[in-house]
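Each chain, letter by letter, is given below.
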Amino acid sequence: MTPDQSGLSARFFAAEAMARQLGVLAMSYFTDQKSLGISMKGSQDWLTEADGRVETAFRAMIAATFPNDTVMGEEQGGATGEALWIIDPIDGTANFARGDRSWCVSIGFLANGVPTLGVIYAPALGEMWLARVGHGATLNGAPIRCSSTTDIARASIEVGWSPRRPIEDYLALVGGYFRKGASVKRSASGALGLAHVANGRTDAYAELHINAWDVAAGVVIAAEAGAILSPFFTGDWAGGGNPIVAVTPALASEIMPGLGL
Ligand code: LIP
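Residues numbered from 1 in each chain as written. Predicted model: local features only at pLDDT ≥ 70, side-chain atom pairs only at ≥ 80, totals over all residues. Heavy atoms only, no water.

Quick look at empty space enclosed by the protein
Reasoning step 1: All told, the structure shown has one cavity of 30 Å³ or more when counted by the stated rule.
Reasoning step 2: Reported here for the largest cavity is a volume of approximately 50 Å³.
Reasoning step 3: Lining the largest cavity, in full, are Gly 160, Trp 161, Ser 162, Arg 165, Pro 166, Tyr 170, Glu 207, Leu 208 and His 209.
Reasoning step 4: It is strand E12 (residues 204-210) that contributes the most residues to the lining of the largest cavity, three residues altogether. (1 Å grid on protein atoms, 1.4 Å probe; cavity = no way out; pocket = protein on both sides within 12 Å on 5 of 7 lines; lining within 4 Å. Points joined across faces, edges and corners; volume = space filled by probe spheres on them. Helix = DSSP H or I, 4+ residues; strand = E, 2+ residues; numbered from the N terminus.)

Pasting the structure below:
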């Protein structure tokens, strides 16, 4: 059943508290790199024991607090539902596995298929990103807005990468932005990449293919901060993912065509 406004408020405050608890659990693994169990799910697709433990802990929290809600997660999957939580337990796992602090716990909530709540917690960076549709976005409690950049030749853009699409397509996308005069980077966390658009650290985040658990929180945070978002939650988003763009409004026409959007 789709929660009403008070139900959404309860979930919003609970999600922040859960993210903080999950951040403590994740940090207990991150700070003990020597004994961190690390494996590969595929080419450049990293997995640590923290990923599984954090997702399992989150599922237990939801079962105890919102037992009629549904959970979808990167490591344990799940179906969609009217009251749907989507978690990436460790987004930026490649960074996490190497002791790089650029990773986060990303928790999104969809009410009747609409991204409504977004929580991204990067404990090693001391950053809590929050948003609820109609209530704005914050970083560590302070309201945030996307940049006001209008000139692509002054833009900073992040382009995500994975082996899920041909390297030639990635290089063509990145080369196109460089040729427009933009500066292009990659941080290996799509969730943080979307959050950085929300407070103007970058002017756009683009990725040819990404999964629902990477973006479910960040699309709410970036949209509530005034960014333009591509329509990710369409088609077979749950089973196959989609491209993603979050961009400051004035640059949308420069950024989106490169992904066919
Ligand atoms: C990562 C995404 C990133 C993508 C990486 C990877 P993970 O998620 O956040 O956008 O480029 O290939 O999928 O695997 O660290 O949770």
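Details of the sheet that holds strand E9 (residues 142-143)
Reasoning step 1: Read from one edge of the open sheet, seven strands run E3-E4-E5-E6-E7-E8-E9, paired in mixed fashion. Both edges of this open sheet fall to strand E3 (70-73) and E9, since each of them pairs with a single strand only.
Reasoning step 2: As paired strands, strand E5 (residues 104-111) and strand E6 (residues 114-122) are joined by seven bridges and run antiparallel to one another. Following the sheet pairing, Ser 106 is matched in E6 by Ile 120.
Reasoning step 3: Each of strand E4 (83-91), E5, E6 and strand E7 (127-132) touches helix H1 (residues 5-30); the most contacted strand, E6, lies at about 25 degrees to it. (Pairing = 2+ DSSP bridges. Contact = heavy atoms within 4.5 Å. Axes fitted to C-alpha atoms, helices over the stretch in contact; angles between N-to-C directions.)

Some details on the site of the ligand
Reasoning step 1: Among the 16 residues in the neighbourhood of the ligand, the closest are listed as Asp 91, Gly 92, Trp 161, Gly 190 and Glu 207.
Reasoning step 2: Asp 91 places a side-chain nitrogen or oxygen 2.6 Å from an oxygen atom of the ligand.
Reasoning step 3: Here an oxygen atom of the ligand and a side-chain polar atom of Asp 214 are 3.2 Å apart.
Reasoning step 4: Its free accessible area being 380 Å², the ligand has 93% of it covered by the protein chains.
Reasoning step 5: Of all the cavities here, the one that holds the ligand is the largest pocket.
Reasoning step 6: For the shell around the ligand, the secondary structure elements donating two or more residues are E4 and E12.
Reasoning step 7: Residue classes in the shell around the ligand are distributed as four nonpolar, five polar and seven charged.
Reasoning step 8: For the shell around the ligand, the domains that each give at least three residues are domain 1 (5-143) and domain 2 (152-259). (Near = heavy atom within 4 Å. Polar contact = N/O pair within 3.5 Å; in protein donor to acceptor, adjacent residues only side chain to side chain. Areas by Shrake-Rupley, 256 points an atom, 1.4 Å probe, with all protein chains shown as cover. Sits in = over half its atoms within 2 Å of the grid points. Nonpolar A, V, L, I, M, F, W, Y, C, P; charged D, E, K, R; others polar. Domains from an automatic or database assignment.)

What about the layout of surface pockets?
Over the atoms, a rolled probe matching the size of one water molecule traces out where space is still vacant.
Reasoning step 1: Space inside the largest pocket adds up to approximately 480 Å³.
Reasoning step 2: Looking at the largest pocket, it is lined by 28 residues, and the ones nearest its centre are Gln 44, Asp 45, Arg 164, Arg 186 and Ala 188.
Reasoning step 3: Going through the elements one at a time, strand E2 (45-48), E4, helix H3 (93-97), E12 and helix H6 (212-215) are the ones with two or more residues in the lining of the largest pocket.

Things to note about the nonpolar core
Reasoning step 1: Core analysis: the biggest nonpolar cluster contains 37 residues, and Ile 86, Ile 120, Phe 233 and Trp 237 have the highest contact counts within it.
Reasoning step 2: The greatest single-element share of this core, amounting to six residues, is contributed by helix H5 (residues 190-198).
Reasoning step 3: Residue contributions to this core reach at least three from each of two domains, namely domain 1 (5-143) and domain 2 (152-259).
Reasoning step 4: When sequence neighbours within four positions are dropped, the list of residues in contact with Phe 233 reads Ile 86, Leu 110, Pro 115, Ala 212, Val 215, Ala 216 and Val 219.
Reasoning step 5: Counting 34 residues, the second-largest nonpolar core is a separate cluster that includes Ala 50, Val 54, Phe 66 and Trp 85. (Core = buried A, V, L, I, M, F, W, Y, C linked by side-chain atoms within 4.5 Å. Buried < 20%, exposed > 50% of the residue type's maximum accessible area, 1.4 Å probe, protein only.)

Re the domain arrangement of the chain
Many authors give the size of an interface as the accessible area that is lost as the parts come together.
Reasoning step 1: Under the domain assignment, the chain is made up of domain 1 (5-143) and domain 2 (152-259).
Reasoning step 2: Centre-to-centre, using C-alpha coordinates, domain 1 lies 20 Å away from domain 2.
Reasoning step 3: Tallying the contact residues gives 39 residues for domain 1 and 26 residues for domain 2.
Reasoning step 4: Carbon and sulfur atoms make up 72% of the area that domain 1 and domain 2 hide from each other, which totals about 2,200 Å².
Reasoning step 5: On the domain 1 side of the interface with domain 2, the three residues burying the most area are Asp 91, Ile 120 and Trp 129, jointly 23% of the side's total.
Reasoning step 6: Connecting domain 1 to domain 2 are one salt bridge.
Reasoning step 7: A salt bridge links Glu 127 to Arg 201; the nearest nitrogen and oxygen atoms lie 2.5 Å apart.
Reasoning step 8: Within the residue set of the side of domain 1 that touches domain 2, elements represented by two or more residues are E3, E4, E5, E6, E7 and strand E8 (137-139). (Buried area = accessible area lost by both parts, 1.4 Å probe. Salt bridge = Lys/Arg side-chain N within 4 Å of Asp/Glu carboxyl O.)

Some points on the environment of Pro 249
Reasoning step 1: Following the sequence through the fold, Pro 249 ends up in the loop between strand E14 (242-247) and helix H9 (252-255).
Reasoning step 2: Along the chain, Pro 249 and Lys 180 lie 69 residues apart, while their C-alpha atoms are 17 Å from each other.
Reasoning step 3: Non-local contacts of Pro 249, meaning those with residues more than four positions away in its chain, are made with Cys 146, Gly 226 and Ile 228.

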